[in-house]
Each structure stands twice: as structure tokens, then as C-alpha cells.
2 protein chains.
Amino acid sequence: MLDKILRVNLSELKVSTEPVLPEYHTLGGRALTSRIISDEVKANCEPLGGLNKVVLAPGLLAGTTAPSSGRLSVGAKSPLTGTIKESNVGGTAAQALAKFGLKAVVIEGQASEGWYILRIGLDSTGLVRFDELAGKDNYAVAVELRQRYGVKNTVISIGLAGERLYANSTIGVTDVEGNPSRHAGRGGLGAVLGSKRIKAIVIENSSISSFRPSEAFTQGARQLAEAITSNPVSGGALTAFGTAILVNTVNGAGGLPTRNFSDGRFEGVNQISGEKLAETVTNRGGKCGHPCQLGCVIKCSNIYVDQSGNYITSGLEYETLALLGSNCGIEDLDAIARMDRLCDQFGLDTIETGGAIAVAMEGGYLKFGDAQGAIDLVDEMGRGTPMGRLLGQGVQATGRALGVTRIPVVKGQGLAAYDPRAIKGNGVVYATSPMGADHTCGNAMGHPGVDPLKPEGQVDLSRDLQIFCTALDATGLCLFTIFALGGNPNLINIVAILINEIYGTSWNAEDLMGLGVATIAVEKEFNRQAGWTSAADRLPEFFTTETLPSTQTVFDVAEDDMQTIFKA
Amino acid sequence: MLDKILRVNLSELKVSTEPVLPEYHTLGGRALTSRIISDEVKANCEPLGGLNKVVLAPGLLAGTTAPSSGRLSVGAKSPLTGTIKESNVGGTAAQALAKFGLKAVVIEGQASEGWYILRIGLDSTGLVRFDELAGKDNYAVAVELRQRYGVKNTVISIGLAGERLYANSTIGVTDVEGNPSRHAGRGGLGAVLGSKRIKAIVIENSSISSFRPSEAFTQGARQLAEAITSNPVSGGALTAFGTAILVNTVNGAGGLPTRNFSDGRFEGVNQISGEKLAETVTNRGGKCGHPCQLGCVIKCSNIYVDQSGNYITSGLEYETLALLGSNCGIEDLDAIARMDRLCDQFGLDTIETGGAIAVAMEGGYLKFGDAQGAIDLVDEMGRGTPMGRLLGQGVQATGRALGVTRIPVVKGQGLAAYDPRAIKGNGVVYATSPMGADHTCGNAMGHPGVDPLKPEGQVDLSRDLQIFCTALDATGLCLFTIFALGGNPNLINIVAILINEIYGTSWNAEDLMGLGVATIAVEKEFNRQAGWTSAADRLPEFFTTETLPSTQTVFDVAEDDMQTIFKA
């Protein structure tokens, strides 16, 4: 049972444990981070000031034997978007926190100087001044802290991007190999942690687990696992090819961002596809079908190696391949993998980074397709040159500085890798999610029953998807369980049963969706108090005026319809 | 009588003249620009997209013999703030437009390529393709166009900043000598003109004036002129020392921005004061007491020359001396004058530029007081290096990219040169004006009856000042007439009488203030539709938490009070 909240105050350099408020009992993951941020953070505060907080929360099913349930939610007011934000990450952190019975870690205040780590250990938990880590990249930090505290410890850390308060900055989490390859990527939450002067969090690996599953739980978990692994996507394509399987799929749909969203099909698609990735990795002795967290039955991650078989990076994902690949006109897998690695080192979101480099290309700073130039730019972001710092502020800042008017952002956040003119449901998600252009708020790609090229039905589809994904993010289940669970009330009921077995609730599928609805309402209300209105629930104008060559469509879901999506 | 509106459509490359709508009859200047923007521009459009418009409007008294009545209002949705914006400029443009009977010029659409000038001439008016002007600075453009069309022509132009769509970009206007020394500086309106691909507007100098003043008008104008010139500020200190007289005054009040608003008194104040400026200029053969427009009785401008007596720049103003001087720790008049000149050439707002350089200094990019380094940075803005482009996006973008958290902006616009902890009324203006941190929306400096260091009375004072200044901006009268008119209903009634004599109205002082109230309401409603709420009517947090050394005060006017300023 996750029954404690760890409160970490950097202004007072104090750490304390408190019981979970009764009203938080049945919240977890995104539902809990958004609720705590909403309850404790002044909505119109400055994201990098002393009033903002960072909340880490495992999902409701963390620490249990439910399959693929180890996602961690990280919440804060975002310095990139100015909205409330939840950024979701795999790796080993959520399960590690759950073993300490921690339902959430709330990090508040600001240290006046120096750099700290938060150590969560069996013998002691507290802040440790650790200035020597300043300026180190996430890989170096993970090595150093795992050497010092034990190789099985989980390390959560920020890179140079977070230290320098880049609006594009992630929070890295070590994977099962101990590499910081998993990132809470979106919304610049690394900078919020950096503004508090937390460089890393080390969680001791505890073999103690207080979880004793009931028979009903074990049976439900087994049914879920079977459903997930027998699904052709979550148990087939994703395991075989990873999320990279989407490269060909989205390209086929005409929605693969190409050269700063100026086309939806990429002539070099075969060089960056999931099939090519799997072939390359396998031939070189890398790995596909690799789990990012223990207990995952989907295993969509991979280990990318160079021609000599040496580790380059892990988890080369679809969004990375599209944003740093086709969207920059780059068709060189090794170059993309190199940039992915640099992003992980520096703590940069690959989506925001690829989007920013693409607008720099559109602005004439370098040529589309210039792979080495793009690598150099990511390197500049790490070195902190003026151009690197500009890119570090994300797609919008970069585009504006270079005089680009086709800037693919919503609420200041770069679009994920689905052109909204080709997959219109995703356009509605980008426009209306409480957090800017996130695909993880609801992905309409390949959804049956709604023509992706037509405006009809997209608002309803987007609403349903957003609610579903929000509910999943509350449970800690990986979003990819949606392939099995989506549209299957029986299976969703099983998730509810698992929760009931632990929390003493009597939920069904509808109650679980209700948690999604309630969470989005909390987030929207926070945004309202922060100064947001539905006037910002829209896509950049060029998507509505410029025809996408691959599909011959513009984005034509009416703003008025989108603006009422959660009011119906 | 100003009875025509000139509509210029860059998408269609068409120019047409239309009659003034009856409801616009008694609007002018800011009242008219804001009304047209509000009526014609979709509030949540993209400022640099095809839906935004630029409106130029002389005031209600333009083209008459009323003293100091030749201010020009430029309106648009601002790419810097995202709000509606009016930026106000002296020089020769308003009177030149008035001679053509033009109540407003509305510039809309976007050309797909090339650069255009708009020529307003006695024989013909229209768009002229003029690509050769691209890349030229405002001084070069003024020389070329005055050579081509006549030295007495007025030139309105954008520099490299506007061409490159910098959020910090001005619209320059030639002064009585033909130099582009007067700028509609704030809010990045140069970029809006640039986004339409208008490089310049040339207005032929017409000696024809249809204005035949009534005796009542002539008598009223004379009374106004006498009141202005007999006032110790508008007819004394401002004429003798220019706005630079404020350097010592504001320093004495402890509110002179020093080293990025970290202090309110500057140890080098005597090197950049109005007294020092007047002495320097006079000794070298420059000029003080110089009018920026014909018919001005205040004559607060100056001509700054180098040690050999060669022209450097004109109109070295208080805000420039403070933002590029004390706020950067620079006490070198010649260096500040050089930067002012570069800003005029490139089309950069000196307030936004000084604020941006100061945050770059705070971010460690160069040292406070490094005058040559600061000059080099302004030069980089002109050259368009990555650092120059970053600075060209203004104070907020620069501060964020360099990891600075003390960023003095409201709604994305850099603060003018009054520390809001020392002159709290200005803090309320910054927070609540519809346009971000403008001092020209209402300047509480030296206002009797309200203690500038106390929160009491500041909201009411700010409201009154904002209404008054908005009304003045509608008339085309220079804001500095406020020293004579402020608190003097008899004189304000005379302004109303002048308007009545031309427009057939029967206004009094109250009606004139009513125009201010109505205009602010229009602007606030535009902002509401653009997505703004009162949550953004606040100062950066550090002003409320960090004590200003010079006055030992923080900014403590309650947010709740400020947020209701126009609701009472």
C-alpha cells in the first residue's frame, strides 16, 4: 500500500514524511500529480520561481504484479507551456518508489546555492549537497551515483539542460540496465527540478515488497497480461519493432512530419523505419523487444548499437525517428541514434529538439537533411552556445528568433509526430489537451470508425481518447495497453477490479473513466486560474491554410467545436 | 477634416480609399487604431500571420494648429506581447498623413515575396516593389527614399529587425531633419509591417492644408500653448534638458533601474544625467530644446554629436539612458548614444534592447558596465548572429535562454525605466495596462498626493493616469502636455473645445476622459478574446519578494486589487 508522501523542501533543506490525505487515497500517477499541483501551487506563479513544485507519483497499480504498471508521473507547472503538466516516464523509478510505500514525492522551495541530491534509502532519506555533479551529463551522473550508492539504485536526474533551466529539459530515469535512457520528456520539467537545485534523486533498490496479491488480483493481472500479449500491436508489432513500427504506418497515412511539417510522406522513410531499425539492431548485436521496466510484457524498447556492437542509446522511439529524422529531412539511423544519445545525456526532449532543429532549417540556419549539422546543433545545446541556448528554449523560441512563421506548436510546445492535417483527431488533441501538443494525451492514429482526413467525429474521438489516456496515466499502466483495453469494457473492468482489490473501492470501467474526466477538469481549472482560456485551444494558423501535399487536406475542425470539447 | 481611410492589401497588392465609418468619426489616434484592430482582426490570430493588420492613425487634432498635436498612433496585435498594441511616435508622419485627409492607413494581408514601399503622393498613391531596400538600415532607407521622392518627404520604415520579424522591432519615422530618429518603439510592430513585406511608407510633403481654424479654435490653441510653455516641466525642464531630466529625479526617488533592476540608485548617475547630457551636447555644438515635429512647443528632443561635432543620434531619451545606461551599469554617454543610433538604424526599441542586454549581463554573458560589449551586442542584433537574434526576441526570451529568473517583463514586454518598488503607481500601470509594461500608458512619477513607496492609492492613481493618457493618445497631443493639463479641468475643456470646433461635437473634459475609458474597454475586450485574463495582470514575482536596496521596499500592491482596476 502506498501510504506516505515524501515532502522535500529545498528552501529549508528539510525532508519529511506525511500520511496521504484521505482525498488522495484513490488518486495515483497523473491524477495525483495534477491534484497536488492544483491544491498546492498558485496557478499564475512563475514556473521557475519558488512557488512552483515538482511532484513525482507512481500510478495506482505501482508496486503490484499488474503487468506494465510501472510508469511514473511527474507533475509541475511547465516553463515551456505555462500550463499544468504531467510528463510520463518508464524505467525503474515508479516501482522503486512504490517499494518505499511512497505515493508521491513533493519537491518544493528553492535552495539559494549549490546542487543537491535527494537520497531515498532504507536507512536514511534526505538531501545531500553534491556540487561535484554540476555540469555532468545524465550518463555520467548515473554512473557516479550507482557506483557510490549501489549499482541497483535507481537514479532520476537532470542534465545540463535542466541545470541551465532550458524550457526544453527532461528528467531522466535509469532503465533496467542502469542507463538514463527513459525521460519525462515534455514540458521542460527538468528546469523546474533544476530551479530547485536538485540534480538527482537516488532511490535504493529494496527487495522488500509488502504487496501480497489476493487471488482475484493475481487472476485479473494474468488476464490483463494475456490480453496485452495476445494483441497484435501490444504483443506483436511493438515487441518486434518498437514504436518505430509507426514510421511506415504514419507515412502511409500521409502524416509523417517531413521537413518542418511541409509534407506528410518522406522519401527516405525506408531508411528510418521500424523494419530497418530492427534489422540494423539485430545484425549488429543490439536488441529489440527489450523492456524499459521490470514487469513489462510489451517490451517495446530496444538497444541501439554501432557497427562494432557498442552501445549507443536505448529506446530509439517513433517520435524521435520522425522529429529528428524525417522532420529534419534526415534519413540516417546512426545520426538519429547519436542525437538521441546526446539528448539523453544533456536531458533534452527529442520531440522538442527535433522540432526546433527543423524550424532552424526552415529559417535557413542549416539545410534540411544535414545530419552532421543537426548533430552539431544538439551538441551546441549541450555546450550552451547562444544558438544552443536558443534551441534549448524550444520550437517556438527558435522559430521566432529565426523569423519563421510556420511554427508547429500549441501552447508553446512542439507538435508530436503526427501531422494534424492527416490525423485530424490528433490535431484536436494537440489543440485541446490541457498541456499543449502531446500525443500521449490521446493518439487517434489508426482509430477505426473515424476517417482521419475528415473533420467529422474528431472532437468526440479526441475527448474519449484524452479521458482514456488520463485514466491510464492514473493507474501507472503503460499507454500501450490501450491497444488491448481500448473499446473493451470487460478488460477495463479488470483494471478496476485490480484497483478495488488494493484500495477497497468498488469501481467499474465507468468509474475509472470518471477519474480521467475529473483529472482533466482539475487541470483545466488550474489552467484557467493560470490565465488560459479556450482562445488558445487551436492549432497554428498554417495548418488551416496550407494544404498538406501527401493528403491534399488542411486542418478543418472548427475552432468553436474544439473549444467546447470538455464543456459538453 | 480627416475623412478618408487608406486601405492597403498586400495579398492582392491593392490600395484603395474609403470613407470613414460614421462610428469612427470622433475617434483618432489610439482610440481609432484600437477600434479598427478590434473590429477587423481576429483576436486570437497569429501576430505575424495574414490575419493581423497594422493601422496608422493621426490623432483627432492632427493637421490643425493645436500645439504639439502631431503624434502618430500605430496599432496591431503585438508579436511581443500577444495583446492589442498601440505604439506612439512623434516626427513628421502624422501631420503629413493629415494633409492627405487620411484618418487612418490600414495595412492588411501579406505579400508572398519581395519588398514593397507604400507611396502616398499628390499624383498617385500605391504600392511599389522595391526589393533593393531589403537589408538596408533605416538611415540608409530614409536617405535613398528622400533622394528619390524629394527631401521633404516623410519616410516611415523598418530596419533589419522588422525585416527579420524580431519581436523587438520598431517602426521608424523621420524627424524634421529627415532622420529616422523617432520610433514607434514598443511591442514589435516593425515585425508586423515586415510580415506584410512593407519596408517603407513614403508620404509626399504637401503644402496644401484644408484646415481653416475658427476664431474659437485659434484662441483655444493659443491658451493651450501658453499653458504648456508656462509650465515649469513642459515649458522649462523638458525643453532645457529633454526627458533626460528624469535621470536625476528618478535616481533621487530610488527608482532608477540599475543592473537589471537590482538597485534603484546608480553610482554613475552624474555621467548620464540630463544636466550632463545638455552640457555635453551644448559644448560640442549639438542641440537641446529641439522639436521632433513641427508645431511642438515643448521641444524636448536633442541632437547628440560626437567630440568633433558630427551627428550621432537624435532624441537621446530618459528611457534609453536608463535602460542602456544604469540598468546595464554603463555610465558612458557616448556609448549610450552610439547604441541609440544603432537601435534607430536597425529598428530596435531601446527599452527592450537595454532590458535584454541587462538580463544577458545577469546571465553571465558579459559584465555589467561593459560598454563596448553592450555596443557589440547591439551590433550582433543588426548582423543577425544567433545571440543577436535571441536578443532581438526581447527581454523575456533572452532571460529564459540564459537561465535568468529575475526577468523584468509584464506580458512579455520589458519594463520601462521606473522600478515598480519605488514608484508603485507605475508598477500598477505595468501590471494592468492592456499592453504590458509601458510607462506611456500612465506615469505616476512625481505625482503629488500619493506616496510612491506605499501601496495605498496606487490602483486609483494608475486608473486615472491610464484613462488620461489614453485620451491624450486619441487626440494626437504629446503626452507631455499632461504636465500642464493634468488636474486642470479648464484646460482639458479647452482640448474638448478644439475637438468640438472640428468635429461638431459638444464634448467637455469628461467626454474626453470617457473616450479614454471606452478605448481601454475595447482593448481589454480584444485581449480577452485573444485569450488573456486578469491572471496575467501582475508583476514578475521577484519584485514582490526582493527588497529594493535604495528604498527598502518590495512591490506590495495586492494582485486582487490590481485585477479589478477597470471593473470598479
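For the pair chain B and chain A, the superposition axis carries a translation of 0.0 Å, the fit reaches an RMSD of 0.0 Å, and the rotation angle comes to 180°. Both copies are brought into coincidence by an operation consistent with a two-fold rotation axis. Among all residues of chain B, the minimum C-alpha distance to the rotation axis is found for P386 of chain B, at 3.0 Å. A shared binding surface is used by both copies, with 100% of the interface residues of chain B retained as interface residues in chain A.

We now examine the interface of chain B and chain A. With 32 residues of chain B at the interface, the matching set in chain A holds 32 residues. Among the secondary structure elements, those contributing two or more residues to the side of chain B that touches chain A are α14 (386-391), α15 (395-401) and α20 (509-530) of chain B. If you tally residues by element for the side of chain B that touches chain A, the top one is α14 of chain B, at four residues. Tallied by class, the residues present in the side of chain B that touches chain A amount to 16 nonpolar, 10 polar and six charged.

Now for the nonpolar core. L97, A104 and V247 of chain A together with L97, A104, V247 and V495 of chain B are the most contacted members of the largest nonpolar core, which has 378 residues in total. L97 of chain B has contacts with L56, P58, L102, V105 and I203 of chain B, leaving out every residue within four places of it along the chain.

Moving on: the environment of A518 of chain B. Inspection of the secondary structure puts A518 of chain B in helix α20. A tally of 18 C-beta atoms within 10 Å means that A518 of chain B is categorised as partly exposed.

So, about the sheet that holds strand β6 (residues 102-108) of chain A. Residues and elements named next belong to chain A. Here we have six strands laid out as an open sheet, ordered β2-β1-β6-β3-β4-β5, and mixed in their pairing. A strand with exactly one partner marks an edge of an open sheet, and here the two such strands are β2 (14-19) and β5 (84-89). Each neighbouring strand pair of the sheet contributes to a mean axis angle of 20°, computed without reference to strand direction.

It is worth spelling out the confidence of the model for chain A at this point. Note that predicted coordinates carrying low pLDDT should not be read in detail. Predicted confidence across chain A gives a mean pLDDT of 97, with 100% of residues reaching 70 or more. Here the predicted complex carries an ipTM of 0.95, next to a pTM of 0.97.

Turning to the environment of G403 of chain A, a few remarks are in order. Following the sequence through the fold, G403 of chain A ends up in the loop between α15 (395-401) and β16 (409-410). Along the backbone, G403 of chain A and A111 of chain A are 292 residues apart, and their C-alpha atoms lie at a distance of 37 Å. What G403 of chain A contacts, discounting residues up to four positions off in sequence, is G363 of chain A together with R164 and L165 of chain B.

It is worth spelling out the packing of helix α10 (residues 318-325) of chain B against helix α11 (residues 333-346) of chain B at this point. All names here are of chain B. α11 packs onto α10 with a crossing angle of 110° between their chain directions and a minimal axis gap of 10 Å. With respect to each other, α10 and α11 are oriented roughly perpendicular. Taken together, the residues of α11 that come into contact with α10 (itself represented by T320, L321, L324 and G325) are I336, M339 and D340. Its residues assigned to classes, the contact of α10 with α11 comprises four nonpolar, two polar and one charged.

Residues and elements named next belong to chain A. Of the two faces of strand β9 (residues 154-157), the one lined by T154 and I156 and the one lined by V155 and S157 are each fully buried. Across two bridges, β9 lies against strand β10 (residues 171-173) in antiparallel orientation. Considered in β10, the bridge of I156 is made with V173.

The rules behind these values
- Residues numbered from 1 in each chain as written.
- Chains lettered and ligands numbered in written order.
- Predicted model: local features only at pLDDT ≥ 70, side-chain atom pairs only at ≥ 80, totals over all residues.
- Least-squares fit on C-alpha atoms with pLDDT ≥ 70 in both.
- Contact = placed C-beta atoms within 7 Å.
- Helix = DSSP H or I, 4+ residues; strand = E, 2+ residues; numbered from the N terminus.
- Nonpolar A, V, L, I, M, F, W, Y, C, P; charged D, E, K, R; others polar.
- Core = buried A, V, L, I, M, F, W, Y, C linked by C-beta atoms within 7 Å.
- Buried ≥ 20, exposed ≤ 12 C-beta atoms within 10 Å, placed from the backbone.
- Pairing = 2+ DSSP bridges.
- Axes fitted to C-alpha atoms, helices over the stretch in contact; angles between N-to-C directions.
- pLDDT = per-residue confidence, 0-100.
- Parallel < 35°, antiparallel > 145°, perpendicular 65-115°, else oblique.

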